[in-house]
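Take a look at the letters that make up each chain.
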Amino acid sequence: MKKLLSLSLICFYSGVQAQTTSSANETKMQWFADAKLGIFIHWGIYSSKGIEASWPFFQKQVTYQEYISSKNGFTASQYKPEEWAKLFKETGAKYVVLTSKHHDGVALWDTKENNLSVPKMTPAARDVLTPLLKEIEKQGIKKGIYYSLLDWSNDNYPNFLRDKKRFDPQEHPEKLAKFAKFNQNQLTEINQLVRPDLWWFDGEWELSAEQLHTEQIGKMLRGYNANVIINGRLKEYGDYSTPENGLPIIRPDKKYWELCMTMNGTWGYNPTDKAYKSPYEIITTFAEVISDGGNLLLNVGPKPDGTLAPEQVTILKALGKWTNKHQKAIYGTKAGLPKGYFYGPSTIASDSSALYLYLIGKPTGELYVKGIQSFIDEIRVLGHDKSIVFREVPHRNTTIGSPPVVYFEVPLALQDEYVTVLAIKPKGKLKISVSKGRE
Ligand code: FHN
């Protein structure tokens, strides 16, 4: 009997502990879940050659020496972090993630671990990481740091070029141990400088979790800050999924997720890459992502002098105008209707007091939404706060089981330049039907 009692207590305790852990995790993740929009920044010596970060030398499109010589053009001469922070604030972004060190191993801060850094090897000759994160914090925006776990420049890292290894990692555990310590020391330096709210790891694909010491890194960073959020690229030690440059058709399995996406086709500054996504394409992608309960991390690639390409500023400002107009439908909402209830993205107020429908394209004629069990008080167009007429078919008091289909039409004059959003106000909390009709 005693054994049974202690076993049931253990089960009860572990259940409570699991619940406590999960509710503590939900509390930690809440700002991230509410944030919806972040700004990603790929900035480094590669910006001065207008080439992609790190990959050009690894893939032998340029020699390593040619790649590293781009350091000579990295001046940050027009760098005004306070202006960047204000512009990111204007977009409606709630967090910013800056590349502290990409796969090329060149640090943006004054690392004591080696001389491969912007302060030590470029005309900028200063830490360009800390000032931005401080300005970001002043704007009330969360601080994110991108850090590449791989480092193709480091003598204790096995890989150098796509066809050239420094050593076989199986034969040199001592070098891997030194490299793991190097990574942990650099991460500790960054933490001491800016205490990030979020770590965005990358470069996890070449070595194993054991070889990269990812468990130790996760424990170390969570020891520095129990509320820190870590992306899902620290192997199995991360908090959320990170699909990239492609809208997931099925939402990722993890509860929290974020799509990171370039504005054109390059992460770094590339003046020849004019293939910018239109504001409409970015806003519709954003709507689809938040409709599925995710965040969008939209990338900018600044110039080597610290200015932003005009095309990127235009996109950021257009995005900010749209997010500002549609705040209610974006921030603090949860994922919208299941597929098929409405032919477009949707979100639901976190307290289920409203349903927001995103109208894709410039619809003319009647649209409809299905499955709303609640009585509807009104339907308004966000930004105009005008009610629109709607009708229920069949009439609600004739339906058996399944609720009526709600038809409505939005006059073009009330439609947004990019994506119009309707707020459906139910009587009481929103209830959606899962009825299969009268059997
Ligand atoms: O190789 C990097 C790439 O350069 C870029 O930094 C992206 C951003 O998510 N991450 C890696 C590719 O997945």
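Residues numbered from 1 in each chain as written. Predicted model: local features only at pLDDT ≥ 70, side-chain atom pairs only at ≥ 80, totals over all residues. Heavy atoms only, no water.

Engineer: Please provide a residue-by-residue account of the overall build of the protein, values included.
Structural biologist: If you tally the helices and strands in the protein, you get 12 helices and 18 strands. Relative to its length of 439 residues, the protein is compact, with a C-alpha radius of gyration of 25 Å against a globular reference of 22 Å. Along the three orthogonal principal directions, the C-alpha set of the protein runs to about 75 × 75 × 40 Å. In the protein, which comprises 439 residues, the share counted as buried stands at 54%. For the protein, restricting intrachain contacts to residue pairs at least 6 apart in sequence, the fraction spanning at least 24 positions comes to 69%. By element, 55% of the accessible surface of the protein is carried by carbon and sulfur atoms, the whole surface being about 19,400 Å². (Helix = DSSP H or I, 4+ residues; strand = E, 2+ residues; numbered from the N terminus. Rg over C-alpha atoms; globule rule 2.2 N^0.38 Å. Buried < 20%, exposed > 50% of the residue type's maximum accessible area, 1.4 Å probe, protein only. Contact = heavy atoms within 4.5 Å. Areas by Shrake-Rupley, 256 points an atom, 1.4 Å probe, with all protein chains shown as cover.)

Engineer: Run through the pattern of salt bridges, naming residues and quoting values.
Structural biologist: One pass over the structure, following the stated rule, counts 22 salt bridges. With its nearest N and O atoms 3.1 Å apart, the salt bridge here joins lysine 255 to glutamate 26. Remark: glutamate 26 occurs in helix α1 (residues 2–35) and lysine 255 occurs in the loop between β7 (229–230) and β8 (258–261); sequence separation between them is 229 residues. Of the charged contacts in the structure, one is a salt bridge between aspartate 110 and lysine 112, with a shortest N-O distance of 3.3 Å. Here lysine 112 falls in the exposed class, since its relative accessible area comes to 63%. (Salt bridge = Lys/Arg side-chain N within 4 Å of Asp/Glu carboxyl O.)

Engineer: Residues and numbers for the environment of histidine 213, please.
Structural biologist: By secondary structure assignment, the location of histidine 213 is in the loop between α8 (209–212) and α9 (214–224). As for histidine 213 and glutamine 65, which are separated by 148 residues in sequence, their C-alpha atoms are 30 Å apart.

Engineer: Before we move on, could you go through the packing of helix α4 (residues 81–91) against helix α6 (residues 130–138) and cite the residues and values that matter?
Structural biologist: At their nearest, the axes of α4 and α6 sit 8 Å apart, and the two run at 40° to each other. Accordingly, the angle class assigned to the pair α4 and α6 is oblique. Pair α4 / α6 crosses with right-handed handedness. Between α4, through Pro81, Glu82, Trp84, Ala85 and Phe88, and α6, the contact on the second element is made entirely by Pro131, Leu132, Glu135 and Ile136. (Axes fitted to C-alpha atoms, helices over the stretch in contact; angles between N-to-C directions. Parallel < 35°, antiparallel > 145°, perpendicular 65-115°, else oblique. Left-handed = near helix turned anticlockwise from the far one by under 90°.)

Engineer: I'd love a proper account of the site of the ligand, names of residues and values included.
Structural biologist: Lining the immediate surroundings of the ligand are 13 residues, of which His42, Trp55, His103, Asp202 and Glu244 lie closest. The separation between a nitrogen atom of the ligand and a polar side-chain atom of aspartate 202 is 2.5 Å. Between an oxygen atom of the ligand and a side-chain N or O atom of arginine 233, the distance comes to 3.4 Å. Relative to its free-state accessible area of 320 Å², the ligand is covered by the protein chains to the extent of 89%. Most atoms of the ligand, that is more than half of them, are within 2 Å of grid points of the second largest pocket. Partitioned by chemical class, the residues of the shell around the ligand number 7 nonpolar, 3 polar and 3 charged. (Near = heavy atom within 4 Å. Polar contact = N/O pair within 3.5 Å; in protein donor to acceptor, adjacent residues only side chain to side chain. 1 Å grid on protein atoms, 1.4 Å probe; cavity = no way out; pocket = protein on both sides within 12 Å on 5 of 7 lines; lining within 4 Å. Sits in = over half its atoms within 2 Å of the grid points. Nonpolar A, V, L, I, M, F, W, Y, C, P; charged D, E, K, R; others polar.)

Engineer: Could you give an account of the layout of surface pockets, with specific residues and numbers?
Structural biologist: By volume, the largest pocket is sized at about 250 Å³. Of all the secondary-structure elements, those providing two or more residues to the lining of the largest pocket are α1 and β10 (333–335). Here the lining of the largest pocket takes 5 residues from α1, the largest share from any one element. Tallied by class, the residues present in the lining of the largest pocket amount to 5 nonpolar, 7 polar and 6 charged. Considered as a void within the structure, the second largest pocket measures approximately 150 Å³ in volume. Around the second largest pocket sit 13 residues that line it, and His42, His102, Asp202, Glu244 and Trp267 are the ones nearest its centre. Looking at the lining of the second largest pocket residue by residue, the classes come out as 6 nonpolar, 3 polar and 4 charged. (Points joined across faces, edges and corners; volume = space filled by probe spheres on them.)

Engineer: Outline the sheet that holds β8, supporting the account with residue identities and numerical values.
Structural biologist: Judged by pairing direction, the sheet is parallel, and its 7 strands sit side by side in the order β7-β6-β3-β2-β1-β9-β8 without closing on themselves. For this open sheet the edge positions go to β7 and β8, each flanked by a neighbour on one side alone. This element, helix α7 (residues 173–194), spans β2 (95–101), β3 (142–148) and β6 (198–202) of the sheet and lies at about 160° to β3. Seen against the sheet, helix α11 (residues 310–325) touches β1 (37–41) and β9 (295–300) and runs at an angle of roughly 155° to β9. (Pairing = 2+ DSSP bridges.)

Engineer: Give me the lowdown on the packing of helix α10 (residues 279–291) against α11, citing residues and values where you can.
Structural biologist: Where α10 meets α11, the closest approach of the two axes is 10 Å, and the angle between their N-to-C directions is 45°. Between α10 and α11, the angle is such that the two are oblique. Note that α10 runs across α11; the crossing there is right-handed. Two secondary-structure elements touch here, α10 through Pro279, Ile282, Ile283 and Phe286 and α11 through Ile315, Ala318, Leu319, Trp322 and Thr323. Residues belonging to the contact of α10 with α11 are distributed by class as follows: 8 nonpolar, 1 polar and no charged.

Engineer: I'd like a description of α4, backed by residues and values.
Structural biologist: Every buried residue belonging to α4 is among Pro81, Trp84, Ala85, Leu87, Phe88 and Thr91, and all of these are buried. Take α4 and look down its axis: the buried residues cluster within an arc of 165°, on one side only. Positive phi shows up at glycine 92, right after α4, with a value of about 95°. (Arc of directions from axis to C-beta.)

Engineer: Before we move on, could you go through the packing of aromatic side chains and cite the residues and values that matter?
Structural biologist: Given two aromatic rings, one states the distance between the centres and the angle between the planes to describe the pair. Tallied over the full model, the rule gives 30 aromatic pairs. Seen in terms of ring centroids, tryptophan 322 and tyrosine 358 are 6.1 Å apart; in terms of plane orientation they differ by 40°. Their pairing is tilted. Here tyrosine 358 lies in strand β12 (residues 355–359) and tryptophan 322 lies in helix α11, a separation of 36 residues in the sequence. Pairwise contacts between aromatic rings join Trp55, Phe57, Phe58, Tyr64, Tyr67, Trp152, Phe160 and Trp205 into one cluster. If you follow lysine 175 out to its NZ or CZ, it ends over the ring of phenylalanine 167, 5.4 Å from the centre. Here the guanidinium or amino end of arginine 396 rests over the ring plane of phenylalanine 375, the centre of that ring lying 4.8 Å away. (Phe/Tyr/Trp six-rings, centres within 6.5 Å; stacked < 30°, edge-to-face > 60°. Lys NZ or Arg CZ within 6 Å of the ring centre and 35° of its normal.)

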